[in-house]
Amino acid sequence: MAFTQWRRFTFFNKQAVPTNVAGRSWETVRDAEMTCSTCGRGVLIFGDSNGFVHMVNHNFQVSTFKAFAITVLHLFQLKQHNMLAAVGIDEDGVNPVIKVWNMDKKDKFGNPFCCRIQRTIPASNTPSMVTSFCVHENQSFMAVGFAIGSIALYKGDIAKDRTLNRTVHLMNENEGQITGLSFQGTGKSCHLFATTENLVVSFNLQEKLPKKNVLDRRGCSIFCSTMSDMVMDNHFIVTASDAVYAYQADSRGPCFAFDGEKLMAKWFNGYLVLVYKDKAKNSIPSSSSMKIPDKNIVTIYDASQKLIAYSSPLPGVQEVLYEWGSLFALVADNNLICLQEIDIQQKLEMLFKKNLYSLAVNLAKSQDLGKEGLVDIFTQYGDHLYSKGDFDGAIAQYIKTIGHLEPSYIIRKFLDAQQIRNLTSYLQAMHELGRANEDHTTLLLNCFTKLKDVENLNKFIMTPETELHFDVETAIRVCRQAGYYKHALQLAEKHHKHKWYLKIQLEDTHQYRRALSYIRQLPFKEAENSLKRYGKTLVNNTPEETTELLKSLCTDYQPSNHSDLGQQSGNVSKSNGVEFIHIFVNSPNMLVKFLEHLIKVQDKAPETVYNTLLELYLQKMNDPAETQSKSDQEKLTLNLLKEISLKKYDTDQALLLCQMNNFRPGILFLYEACELYQQILRYHMDHESHGLVVETCRSYGEKDPTLWQQALTYFARQRDVDCRQHITQVLAHIEKHNLVPPLLVIQMLSKNSTVTLGVVRDYILRRIRQESEEIEKCEKSISEYQEQTEDMKKHIEQMKTSATIFQETKCAACSYELELPAVHFLCQHAFHMHCFESYADSDTECPVCSPKNRKILESLREQEQTLASSMALHEQFNNQLKRSTDGFSVIADFFSKGVFNKITLVTDSDTSSKGATGGPGSHGIDPTLQKELLMMQQANRR
């Protein structure tokens, strides 16, 4: 690349090294004749002609120690280890010596510890001055170049105080003095580069006897070669008067056409520093071999960015060093000049002023400025291009700011219709980087539709799901609004947006069958939700297909496409059919089929299903347009009612529906199923079906006898209708079962003007005859009871006044002849003593008569307790009745406690009536008879 094509900048500020520092400053060594220098590990190191080494720290304080007796020729500071190596003269003549110091250790004089002293001579043992010196960073190699063209390579650990393992002489003599040495690489790839004034060679140090590899037949002067760093792939740099050449271990690399006579080449931190001889003025060389012409041009090149970072004349440059982020040049009169690099922001501002944004971006990347710094450069670069009208270039820069710069800043700039393509590119990039939101997706799709860019729209929509960087629902909505229904459907189907797919098919394209086919592919839950949402529309347009799908959904639904939608086989789900009834609001016939299917396949369908189907049946029955015969429809309805009753459902709703639709067979069936016989009778009465009234009494009279009485009352009130025949039938049944007193019958019939005495004459006569016979039976029973009472009284009196003769000869227990000892009772029962003791529960009672007497006594005791409690309840009843505002509730409460019941005596002939309440013919126990019964019980005791 030509020198003139590299842009020139001033990225370094020149300043003199301060001399007013505490301690020993640079001023104290300015009179010394500096012969060599090196840097690293935070110090600048100089060697002088008197054998002293001067070390300058970051505060520019100088420390000195005596390194050689006569002079210091070369210095080398290792970067990775705090080791300093040097070549100098300790004796008069040409006797160069290598010394190595461990700078971390001190000797007894406080100077750095010298860990190695090694004499160095060429291969021919001919005395020769050392012109070049280099040490490998791994401390295992040292190379020394001599003026006669020989190179000595020392292998071994340089830090140990013993002779190096091996010395190898790499070049023959008489090839010109060695002007430069540099090591490259480590481990298995380690090479040594060497230059003379006519050659550039390399040696592979991994070989036992390294061979010379000539890279070029042109060489360089002393100080005009150096080794680059990773920025330039560790090339060996050699300068010539016409160019700068770079070399690898086995070939020549790039070339830079930097014209001019070079006096020195250095590489520091990505910068190539060249010292040129000033063409404008002929320099006068000094008497010393190290003297440099009075005026030189120091130029700093940034090889990676292809720019000149600094160029300025300096007087008599002797050395150039790099430490603490700055360049230091030792110039004439031992003045130390510092070239301080400006910071990255100052560099960028300088580039911005010249509109060199591309260079600013590259520079920022090389300086690791970070994303935020780069974004600011991209933004300014984009603004610059936008102002120049280069919208394509501007949008390319703005795209690089995505994720950091607010998108609205760019979008507002390109909302003009003429820049819509640039805006589209920016929005596409946002989606590819996953930085777009719903609004950006909307805007991008609108751009596609306005540009009619169907190709990019398809590409955007059909992006693989793994590369999806936009909101799908937003894309669907925008495509739908723009009329791109096909694209919206593709998006919805691809990304399983079932709601959107069905909405577009049903509301926009009206492809009802396709929508239904799509639902069949969905998993159970999705299909169920879709039918709940759009079922009404589907039923209105595709009733048969939709009904069949609903039937399947409520029984054994399986999606038609298992693999695509991931329905697990074997898992059968069922929907609740009641939830879909509302979608058939305009299709009652389909609803009937659907509900009939539910009842058929479900053992116990919900009650709502039956009631809804019943309502539909009743509506069809009353529909004049219905083609099915009424008898068949009534049969279906009654069968449905039977199922309702068999499944023990609440029939109130069904009964209400039958009543509203005046379905007589259903009403009567439900009355009968619910045992509402009174309602059946009332229904026939309301419809004046006299024959059915009597028939109802005959059918259900045994279960509810009051039906006959109600029928009689009904017929008795009929004034305009001749009901004598029905009254006769009712009276016959009432008479047969004695359901109503005759007097009440006469009272009821007297209200009917059409009923004559002849109708009831036979009935009255029969009842009078029956009553007379009953009276005679009662009078006869009274006479018998009176006679028994008199006999009982006489027997008691006799027991009280006369002696009793015991004539029993057999035991009442074992029926054997009595033997003494024996036990006799007044009741004429006798027992063996051992039989009595075995059977008797008490010593004072007859075992035969005691059960009968015990029953009597228990009845009396119960009556006494009841009478006692009744007396207490009587007072409580009167008090509560006086205080209560609701007297009826008090009376009802005491009725439930049995306060108003009459107690009857339990006799031997009717023990089952013990404790029963007295009816119209029951009698209470006479107090006198009660006392006599107690005396008889005492007489039966022994």
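What this report covers is the structure whose coordinates are included nearby. (Residues numbered from 1 in each chain as written. Predicted model: local features only at pLDDT ≥ 70, side-chain atom pairs only at ≥ 80, totals over all residues. Heavy atoms only, no water.)

## Concerning the overall build of the protein
A count of helices and strands for the protein gives 30 helices and 31 strands. When the 942 residues of the protein are sorted by exposure, 45% land in the buried category. Across the protein, every contact between residues at least 6 apart in sequence was considered, and the portion connecting residues at least 24 apart equals 48%. (Helix = DSSP H or I, 4+ residues; strand = E, 2+ residues; numbered from the N terminus. Buried < 20%, exposed > 50% of the residue type's maximum accessible area, 1.4 Å probe, protein only. Contact = heavy atoms within 4.5 Å.)

## Brief notes about the packing of helix α23 (residues 706-716) against helix α25 (residues 742-749)
Running from N to C, α23 and α25 cross one another at 30°; their axes reach a closest spacing of 8 Å. Regarding the angle of α23 to α25, the classification is roughly parallel. Each of Gln709, Leu712, Thr713 and Ala716 in α23 lies in contact with α25, whose residues at this interface are Leu744, Val745, Met748 and Leu749. Each residue belonging to the contact of α23 with α25 can be placed in one class, and the counts come to six nonpolar, two polar and no charged. (Axes fitted to C-alpha atoms, helices over the stretch in contact; angles between N-to-C directions. Parallel < 35°, antiparallel > 145°, perpendicular 65-115°, else oblique. Nonpolar A, V, L, I, M, F, W, Y, C, P; charged D, E, K, R; others polar.)

## Some points on the packing of helix α8 (residues 454-461) against helix α10 (residues 485-494)
Two elements in contact, α8 and α10, have axes separated by 10 Å at closest approach and are oriented at 10°. Here α8 is positioned roughly parallel relative to α10, judged by the angle of their axes. Together, Val454, Leu457, Asn458 and Ile461 of α8 and His487, Leu491 and Lys494 of α10 make up the contact between the two elements.

## Here we look at the pattern of salt bridges
Tallied over the entire structure, the rule returns 17 salt bridges. Taking the shortest distance from any N to any O, the salt bridge between Glu27 and Arg30 comes out at 3.0 Å. For Glu27, a relative accessible area of 35% gives the class partly exposed. By relative accessible area, which is 24% here, Arg30 ends up partly exposed. The salt bridge partner of Arg513 is Glu545, with a shortest N-O separation of 3.2 Å. (Salt bridge = Lys/Arg side-chain N within 4 Å of Asp/Glu carboxyl O.)

## A closer look at the sheet that holds strand β3 (residues 34-40)
Strand order in the open sheet made by the four strands is β3-β4-β5-β6, with antiparallel pairing throughout. Across the chains shown, the open sheet's two edge strands, defined by having one partner strand only, are β3 and β6 (62-66). With direction set aside, neighbouring strand axes in the sheet form an average angle of 20°. Bridging between strand β5 (residues 52-56) and β6 involves five bridges; their strand directions are antiparallel. Bridge pairing in β6 links His54 to Thr64. (Pairing = 2+ DSSP bridges.)

## Thoughts on the pairing of strand β24 (residues 271-277)
Most of β24 is tucked away, with six of its seven residues classed as buried. Pairing analysis gives six bridges linking strand β23 (residues 262-268) to β24, with the strands arranged antiparallel. Bridge pairing in β24 links Lys262 to Tyr276. Linkage of β23 to β24, two consecutive antiparallel strands, is achieved through a turn of two residues, within which Asn269 is found at a positive phi near 50°. With seven bridges connecting them, β24 and strand β25 (residues 295-302) associate as antiparallel partners. Residue Tyr271 lies in a different strand from β25, and its bridge partner there is Asp302.

## Some thoughts on helix α3 (residues 371-387)
Note: α-helices contain 3.6 residues per turn, so residues at a spacing of three or four share the same orientation. With 17 residues, α3 extends 24 Å from end C-alpha to end C-alpha; this agrees with the ideal 24 Å at 1.5 Å per step. Along its buried surface, α3 packs onto α1 (344-353), α2 (357-366), α4 (391-399) and α5 (407-413). Among the residues trailing α3, Gly389 stands out with phi positive, at a value near 90°. (Expected span 1.5 Å × (residues − 1).)

## What to know about α25
Along α25, the positions that sit buried rather than exposed are Pro742, Val745, Met748 and Leu749. End-on view of α25: buried residues confined to an arc of 125°, all on one side of the axis. (Arc of directions from axis to C-beta.)

## Remarks on the state of the cysteines
A disulfide bridge is the covalent bond that connects two cysteines by way of their sulfur atoms. Applying the stated criterion across every chain, the model contains zero disulfides. The thiol of Cys835 is not disulfide-bonded; the next cysteine sulfur, from Cys814, is found 3.7 Å away. (Disulfide = S-S within 2.5 Å.)

## Topic: the sheet that holds strand β10 (residues 112-119)
Here four strands make up an open sheet; going across it, the order is β7-β8-β9-β10 and the pairing antiparallel. Two strands bound the open sheet, and with one partner strand each, they are β7 (71-77) and β10. Averaged over neighbouring strand pairs, the angle between their axes works out to 25° when direction is ignored. Pairing analysis gives seven bridges linking strand β9 (residues 96-106) to β10, with the strands arranged antiparallel. Pairing of Ile98 across the sheet is with Gln118, part of β10.

## What to know about the environment of Asn102
Residue placement: Asn102 occurs in strand β9. On the basis of relative accessible area, Asn102 is assigned to the buried category, the value being 14%. Asn102 sits 14 residues away from Arg116 along the chain, and the two C-alpha atoms are 9.3 Å apart.

## Things to note about the environment of His440
When you line up the elements, His440 lands in helix α7 (residues 438-451). Once the C-alpha coordinates of His440 and Ile411 are considered, the two residues, 29 residues apart in sequence, prove to be 9.5 Å apart. With near-sequence residues (within four places) excluded, His440 lies in contact with Pro407, Ile411, Leu427, Met430, His431 and Arg435.

## Thoughts on the pairing of strand β21 (residues 244-247)
Side-chain alternation along β21 places Val244 and Ala246 on one buried face and Tyr245 and Tyr247 on a second face that is also buried. Bridge count between strand β20 (residues 236-239) and β21: four bridges; the pairing is antiparallel. Residue pairing for β21: Val238 is matched across the bridge by Tyr245. Adjacent in sequence and paired antiparallel, β20 and β21 are bridged by four residues. Both β21 and strand β22 (residues 252-256) contribute to a ladder of three bridges, which runs antiparallel. Note that in β22 the partner of Val244 across the bridge is Phe256. Hairpin geometry of β21 and β22 is characterised by an intervening segment of four residues between the two adjacent antiparallel strands.

## Looking at unusual backbone geometry
Residue Pro821 follows Leu820 across a cis peptide bond; omega there is 0°. Structurally, Pro821 can be placed in the loop between α26 (757-801) and β30 (822-824). With a phi angle near 55°, Lys452 is a residue other than glycine that sits in the positive phi range. Note that Lys452 resides in the loop between α7 and α8. A positive phi is found at Asn662, a non-glycine position, where the angle reads about 55°.

## A look at the side chain of Ser587
Mapped onto the secondary structure, Ser587 falls in the loop between α15 (562-565) and α16 (588-601). Beyond its immediate stretch of four places on either side in the chain, Ser587 contacts Val539 and Asn540.

## Quick look at the packing of aromatic side chains
Tallied over the entire structure, the rule returns 31 aromatic pairs. Their ring planes at 25° and their centres at 5.4 Å tell us that Phe352 and Tyr357 sit as a pair that is stacked. Pair check on accessibility: Phe352 and Tyr357 agree, each one buried. Pairing Tyr398 with Phe414 gives two aromatic rings, centres 6.2 Å apart and planes at 80°, and the pair type is edge-to-face. Residue Tyr398 is found in helix α4, and its partner Phe414 is found in the loop between α5 and α6 (420-432); the two are separated by 16 residues along the sequence. For the pair formed by Tyr398 and Phe414, the shared burial category is buried. One residue, Lys66, lies across the ring of Phe52, its end atom 4.4 Å from the ring centre. Across from the ring centre of Tyr386, 4.8 Å away, lies the NZ or CZ of Lys413, which sits over that ring. (Phe/Tyr/Trp six-rings, centres within 6.5 Å; stacked < 30°, edge-to-face > 60°. Lys NZ or Arg CZ within 6 Å of the ring centre and 35° of its normal.)

That is the geometry; function is a separate question.
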